[in-house]
Each structure stands twice: as C-alpha cells, then as structure tokens.
Amino acid sequence: MQVTIIGAGNVATVIGRLLKKHQHQVLQVINRSIEPAQRLAAEVGAEAIDYQGKPNLDADMFIIAVSDHALQECLPHFNLDHKLVVHTAGSVSRDVLKPFSPFYGVLYPLQSLRKEMQEIPEIPFLVDGSDEAVTKYLEDFARSLSPMVARMGDDDRIRLHTAAVIVSNFTNHLYAITEDFCRHEHLSFDLLKPLILETASRIRHVSPAEVQTGPAVRKDIQTLDKHLRILTAYPKLRTTYLRLTDSIMNP
Ligand SMILES: NC(=O)c1ccc[n+]([C@@H]2O[C@H](COP(=O)([O-])OP(=O)(O)OC[C@H]3O[C@@H](n4cnc5c(N)ncnc54)[C@H](OP(=O)(O)O)[C@@H]3O)[C@@H](O)[C@H]2O)c1
C-alpha cells in the first residue's frame, strides 16, 4: 500500500519503520518543521515536505501522527480530496476527521513508542472507520503490520487508553520516584531491575491479582510500620505507599 505520514515524531517514526519493514511504500512525510520530516523520509525512502508543499494524492492513505492538540489545526493546510485519513490518538474522537474527508478513521497503536527505540516492539492496533468498508480496510491493513488487531469505537478506546495510562505511565512513575528514593538513600536502583522485569513478565500468563505479593497482601503490619517509619522523610512517597497499601488491602 502507498501511505503518506503527516508528522515526524515518535509515532510517525516507528510507524514509518513498521510500514517499510512490511513492504508498504511511504510516499511522503509531511511535517510542520522540515528537518524531522527529512530525517524520517531519508530513513523510509520517502519525499519530505512541509505544510507549504503539495501532498501526493497517489497515496492510498494519510496517517496523521501529530500531537493531539494539533490534529484539527494541521488538516486545514491540505486538500486531501476524498482520500482515506486516519489519526493515531487514543483519546481523540474519530469524528474530528469528518470535516476533511468522507473516508476517515483511527489506527491507534496501543504501545509506548519512542523514535529512539532500537527494535519495534509488539504493537496492538485498535482500528475504527467512518463506515464498515473503511473499518474492514483498516483492519486488514493493520493485520499486515501486527498480529494483534481489534476493532474499537471511541468510547471503548478512551476507556482502554485510561487503562493504558494506569498500567504504563503510573508504573513508570513509581519506578521514577523509587529511583529518586534510592539515590537519596545511596542505594542501587539497578539491583531492583531484575525484580521489576520478573514481576511484569509474570502477568503474561496469570492474572495480576493472583500473583500479588508483599506485606500489604499478607497484612503484615509490622513490616508495613517499619517501611512507613523509613518513609517519614519522604512525605509524598509515604502518601503513595499508604494509598497503594490501602488499595491492595481493600481491593
Ligand atoms: N508516543 C506514543 O507512545 C503514542 C502511542 C500511541 C498514540 N500516540 C498518539 O500519536 C500522536 C503523535 O504522538 P507522538 O508521541 O508521535 O508525538 P511527538 O513525538 O511529540 O510528535 C509530535 C508531532 O506533532 C507535530 N506538531 C506538534 N504541534 C503541532 C502543531 N501545533 N501544528 C502542527 N504540527 C504539530 C510535531 O511537529 P514538529 O516536528 O514540527 O514539532 C511532530 O511531528 C498523538 O495523537 C498521540 O496521542 C502516541
């Protein structure tokens, strides 16, 4: 398939690489600033243009991977005629694209993507189209990129996006504040990494509730008290510890 990407950030870059890997042709990379577009275009063998350039309407699909707030801002720059246009946002309605083409949809990669990543991780795609034919088209296209593809409308997508923030952004925040605690206490955060990876990998096959461990689930009050005394010097971390302990004890 011939695809044009609007955007040259994290998602645009990883999707561009994925398209190339699966023998799709990236025709153009269109971006507000030309330098990032040129970098990505060189990597995937496409033409780079900025918003003053002319989109090549030979593309079968335009994938818009710009910041959520920029989605509606960037589209009026182009006349995409009756072309299929999709966005990649988890929390933005499919219908923001309605004014720009009768054929539109969502191709949401449910993964944390960074252009610096060396390898492309497993990416589930959630697809939704303006009508059944577009949804089917996007579903087939997504299946050419990933074995994990699901149809999902706005309401469920935003719910799953909420869940994604909790499991990904919140756990990472816990790592960040724990790393800070370790730094202050002159402890090695590196020594915790095998534990972090083991805990995460367990849930591939078991429900997280079944493998919950630690003093809170054991209702080990003595150990909890010791930890809370240590955390007196870290009031915000102590509050987080207490809230999560309560959540584990009273699920
Ligand atoms: N990153 C993820 O893990 C992830 C995962 C799933 C979905 N998404 C979604 O994918 C979309 C892109 O996210 P991203 O992480 O790739 O963003 P990003 O790395 O921050 O890249 C932002 C892109 O948006 C463009 N942009 C920003 N403000 C603009 C404006 N006012 N007008 C025109 N263009 C503008 C930037 O252009 P310049 O280069 O000119 O600044 C750049 O191409 C978002 O909808 C996001 O919610 C992200």
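Worth saying up front: this structure is predicted, and the values here are computed from it rather than measured.

Draft legend 1. Structural detail: the pattern of salt bridges. Using the criterion set out here, one finds 15 salt bridges in the structure. We note a salt bridge from Arg114 to Glu116, for which the minimum N-O separation is 3.5 Å. The partner of Glu139 in a salt bridge is Arg143, and the shortest N-O contact between them spans 3.5 Å. With Glu139 and Arg143 both in helix α4 (residues 132-143), this residue pair falls 4 residues apart, about one helical turn. For Glu139, a relative accessible area of 12% puts it in the buried group.

Draft legend 2. Up close: the nonpolar core. Within the largest apolar cluster, 31 residues are counted, with the highest numbers of intra-cluster contacts made by Leu19, Val29, Ile63, Leu107, Phe125 and Phe141. At the level of secondary structure, the elements contributing two or more residues to this core comprise β1 (2-6), α1 (10-21), β2 (25-30), α2 (34-44), β4 (61-64), β5 (84-87), β7 (125-129) and α4. Those residues in contact with Val29, other than ones at most four positions away along the chain, are Ile5, Gly7, Ala8, Ala37, Leu40, Ala41, Val44, Ala46, Glu47, Ala48 and Ile49.

Draft legend 3. Seen up close, the domain arrangement of the protein chain. In terms of domain boundaries, the protein chain breaks down into domain 1 (2-152) and domain 2 (157-249). For domain 1 versus domain 2, the separation of C-alpha centres amounts to 35 Å. Between domain 1 and domain 2, the residue contacts involve 14 residues of the former and 6 residues of the latter. Between domain 1 and domain 2, a total of about 750 Å² is buried, with carbon and sulfur atoms accounting for 61% of that surface. Three residues stand out in domain 1 for area buried against domain 2, namely Gly90, Ser91 and Met152, and they jointly supply 47% of the buried area on that side. Here domain 1 is connected to domain 2 by 0 salt bridges. If you look at where domain 1 meets domain 2, you find 3 residue pairs in polar contact (both at pLDDT 80 or more). At the level of secondary structure, the elements contributing two or more residues to the side of domain 1 that touches domain 2 comprise β6 (104-109) and β7.

Draft legend 4. Highlighting the sheet that holds β7. Spatially, β3-β2-β1-β4-β5-β6-β7-β8 is the arrangement adopted by the 8 strands of the open sheet, whose pairing is mixed. Of all the strands in the sheet, the pair left with one neighbour each is β3 (47-49) and β8 (149-151). Strand-to-strand twist in this sheet, taken as the mean axis angle between neighbours without regard to direction, amounts to 25°. As defined by bridge partners, β5 adjoins β6 across 3 bridges and the pair is classed as parallel. Bridge pairing links His87 to Val106 in β6. Sitting on the sheet, α1 is in contact with β1, β2, β4, β6 and β7, with an inclination near 165° to β1. The strands that α2 touches are β2 and β3; relative to β3, the one it contacts most, it runs at about 170°.

Draft legend 5. Structural context of the site of the ligand. The full set close to the ligand counts 24 residues, and Asn31, Arg32, Ser33, Asp68 and Leu113 are the nearest of them. Between Ala8 and the ligand, the recorded distance is 3.0 Å, taken from a backbone N or O atom to an oxygen atom. The separation between an oxygen atom of the ligand and a polar main-chain atom of Leu113 is 2.8 Å. Bound to the protein, the ligand loses 78% of the 900 Å² it would expose on its own. Elements with a contribution of two residues or more to the shell around the ligand: α1 and β6. By residue class, the composition of the shell around the ligand is 11 nonpolar, 10 polar and 3 charged.

Draft legend 6. The layout of surface pockets, seen in detail. The space that makes up the second largest pocket amounts to roughly 370 Å³. Along its surface, the second largest pocket is lined by 16 residues, and Phe170, His173, Leu174, Ile177 and Thr240 are the ones closest to its centre. Going through the elements one at a time, α5 (154-184) and α9 (235-249) are the ones with two or more residues in the lining of the second largest pocket. At 10 residues, α5 tops the list of elements feeding residues into the lining of the second largest pocket. Taken together, the residues of the lining of the second largest pocket sort by class into 10 nonpolar, 4 polar and 2 charged.

Parameters and conventions
Residues numbered from 1 in each chain as written. Predicted model: local features only at pLDDT ≥ 70, side-chain atom pairs only at ≥ 80, totals over all residues. Heavy atoms only, no water. Salt bridge = Lys/Arg side-chain N within 4 Å of Asp/Glu carboxyl O. Helix = DSSP H or I, 4+ residues; strand = E, 2+ residues; numbered from the N terminus. Buried < 20%, exposed > 50% of the residue type's maximum accessible area, 1.4 Å probe, protein only. Core = buried A, V, L, I, M, F, W, Y, C linked by side-chain atoms within 4.5 Å. Contact = heavy atoms within 4.5 Å. Domains from an automatic or database assignment. Buried area = accessible area lost by both parts, 1.4 Å probe. Polar contact = N/O pair within 3.5 Å; in protein donor to acceptor, adjacent residues only side chain to side chain. Pairing = 2+ DSSP bridges. Axes fitted to C-alpha atoms, helices over the stretch in contact; angles between N-to-C directions. Near = heavy atom within 4 Å. Areas by Shrake-Rupley, 256 points an atom, 1.4 Å probe, with all protein chains shown as cover. Nonpolar A, V, L, I, M, F, W, Y, C, P; charged D, E, K, R; others polar. 1 Å grid on protein atoms, 1.4 Å probe; cavity = no way out; pocket = protein on both sides within 12 Å on 5 of 7 lines; lining within 4 Å. Points joined across faces, edges and corners; volume = space filled by probe spheres on them.

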